[in-house]
Amino acid sequence: MQVDGTLFVSNRAQVILPYHRMIELASENAPGRVKIGTTSRGIGPAYEDKMGRRGLRVADLLDLKLLKTHIENAVREKNMIAHALFNSEPLDSDKMYLEYAAAAGKNRAFRLRYCRVSQPGAGGRQVDHFRGRPGDDARHRPWNLSVRHLIERHLRGAVIGTGVAPTAIDMVIGVTKAYCTRVGGGPFPTEALNEQGDLLRARGNEYGAVTGRPRRCGWLDLPLLRYAGMINGISWLVVTKLDVLDELAEIPVCIGYKINGKRTEEIPAQASGYDKIEGIYENKPGGGRRPKASRRWTNCPNRRRSIWHFLREQAQRGLAWYRRARTGTIRSLWRNSPQR
């Protein structure tokens, strides 16, 4: 596929190196450690180096003297840490330097000056949209993704990661499946640990995009959805994969929790809050059969309309961000699941 002129990498983007993957893989498999189900791609340790001001950026690849010194120092340090904590085999800094020095020339065409793509009138291009994933921010540490929590997984990430001014954001669209999924370990209050969870996975083709691992599947968590909507200030809500639920006679939707017997609509901030958490569900009538596929609202089966209206009312209830949104801007999107 031709990507010249369409794919760009910021010259300030952090580089993941082999020692990041070594540290994460060793940490995930160390005896006595709580496994959180990472992809072992080195993302977490790379962010640690970024926050510690010792990371390597794309722009640094061009300075071969700096690159060699950086890799030698980092590999020496990481090898000592990995050997002391995990008894890992050491990495070869010379081999790593030659590999990344060669890569520096190959990616020259894709490097882009920070902000340039988002600054029309200054030699840049008009940006139509940014994409992020805020759902992980609402989960409890350490199981949420390693990207800076509550910053780079949602609206504020567009500002921080691209250099676009906050006032340049015209619209925030929230996208949710009609059910919940996740990979890896950690709390999942609405997880369906039965044949219905298997049905959601099969009909929704729910397997990890990076690792291919089967995703854990469960029912839509409205407190989680409200939280994501609140921190992002969404004014549009797109609901996908409603058709995955078509064959269910009843569709449970989590509208709140019971924690130690007390009802709440807030997601717990402490890990102990998940020890005795129970979902409070409202069952909506399903179809029990597969309707004819449709992409028009007028042709949408009544039961899908009913579920969508319920989700919209529940998602908007009690949230100030919705009261500021224009009436009629909430829409639904339904589509065939990938296996059909």
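These numbers come from a predicted model, not from an experiment.

The rules behind these values
Residues numbered from 1 in each chain as written. Predicted model: local features only at pLDDT ≥ 70, side-chain atom pairs only at ≥ 80, totals over all residues. Heavy atoms only, no water. Helix = DSSP H or I, 4+ residues; strand = E, 2+ residues; numbered from the N terminus. Buried < 20%, exposed > 50% of the residue type's maximum accessible area, 1.4 Å probe, protein only. Contact = heavy atoms within 4.5 Å. Areas by Shrake-Rupley, 256 points an atom, 1.4 Å probe, with all protein chains shown as cover. Salt bridge = Lys/Arg side-chain N within 4 Å of Asp/Glu carboxyl O. Pairing = 2+ DSSP bridges. Axes fitted to C-alpha atoms, helices over the stretch in contact; angles between N-to-C directions. Expected span 1.5 Å × (residues − 1). Arc of directions from axis to C-beta. Patch = residues over 30% accessible without salt bridge, like charges linked within 9 Å, V, L, I, M, F, W, Y side chains within 5 Å. Core = buried A, V, L, I, M, F, W, Y, C linked by side-chain atoms within 4.5 Å.

Draft legend 1. The arrangement of the overall build of the protein in detail. Scanning the protein for helices and strands turns up nine helices and nine strands. Taken across its 340 residues, the protein has 42% of its residues classed as buried. Of the contacts formed within the protein by residues at least 6 apart in sequence, a portion of 71% connects residues at least 24 apart. Carbon and sulfur atoms form 51% of the exposed surface of the protein, whose accessible area is close to 19,500 Å².

Draft legend 2. Quick look at the pattern of salt bridges. Within this structure, the stated rule accounts for 13 salt bridges. A salt bridge links E206 to K177; the shortest N-O distance between them is 2.8 Å. Placement of the pair is E206 in the loop between α6 (195-204) and β5 (216-219) and K177 in strand β3 (residues 173-177), with a sequence separation of 29 residues. Judged by relative accessible area, E206 falls into the buried class, the value being 0%. The partner of R216 in a salt bridge is E191, with the nearest N and O atoms 2.9 Å apart. Placement of the pair is R216 in strand β5 and E191 in the loop between β4 (179-182) and α6, with a sequence separation of 25 residues. Its relative accessible area of 18% is what places R216 among the buried residues.

Draft legend 3. Up close: the sheet that holds strand β9 (residues 277-285). Across the sheet, which stays open at both edges, the three strands sit in the order β8-β7-β9 with antiparallel pairing between neighbours. Edge positions in the sheet fall to β8 (262-264) and β9, since each has one partner strand and no second. Across this sheet, the average inter-strand angle for adjacent strands is 45°, counted without regard to direction. As paired elements, strand β7 (residues 250-259) and β8 share three bridges and run antiparallel to each other. Following the sheet pairing, K258 is matched in β8 by R263.

Draft legend 4. Layout of helix α8 (residues 302-316). Its 15 residues place the ends of α8 21 Å apart at the C-alpha level, agreeing with the 21 Å of an ideal helix rising 1.5 Å per residue. All of the buried residues along α8 are R303, R304, I307, W308, F310, L311, Q314 and A315. One side of α8 holds all its buried residues, which, seen down the axis, span an arc of 160°.

Draft legend 5. Summary view of unusual backbone geometry. If you check the backbone angles, K241 has positive phi at about 60° while not being a glycine. Within the element layout of this structure, K241 appears in the loop between β6 (236-240) and β7. For K241, a relative accessible area of 7% gives the class buried.

Draft legend 6. Up close: a nonpolar patch on the surface. Judged by side-chain polarity, M171, I173 and V175 come together as a nonpolar surface patch covering roughly 290 Å² of accessible area. Looking at the element boundaries, V175 is found in strand β3.

Draft legend 7. Broad picture of the nonpolar core. In this structure, L200, L222, V239, L245, V253 and L311 are the most contacted members of the largest nonpolar core, which totals 28 residues. Those elements that place two or more of their residues in this core are β4, β5, α7 (222-232), β6, β7 and α8. For this core, the element with the highest residue contribution is α8, accounting for five residues. Those residues in contact with L200 that lie beyond four places of it in its chain are Y179, N205, E206, C217, G218, W219, V244 and L245. Of all hydrophobic cores here, the second largest spans 17 residues; its members include V15, L56, L67 and I71.

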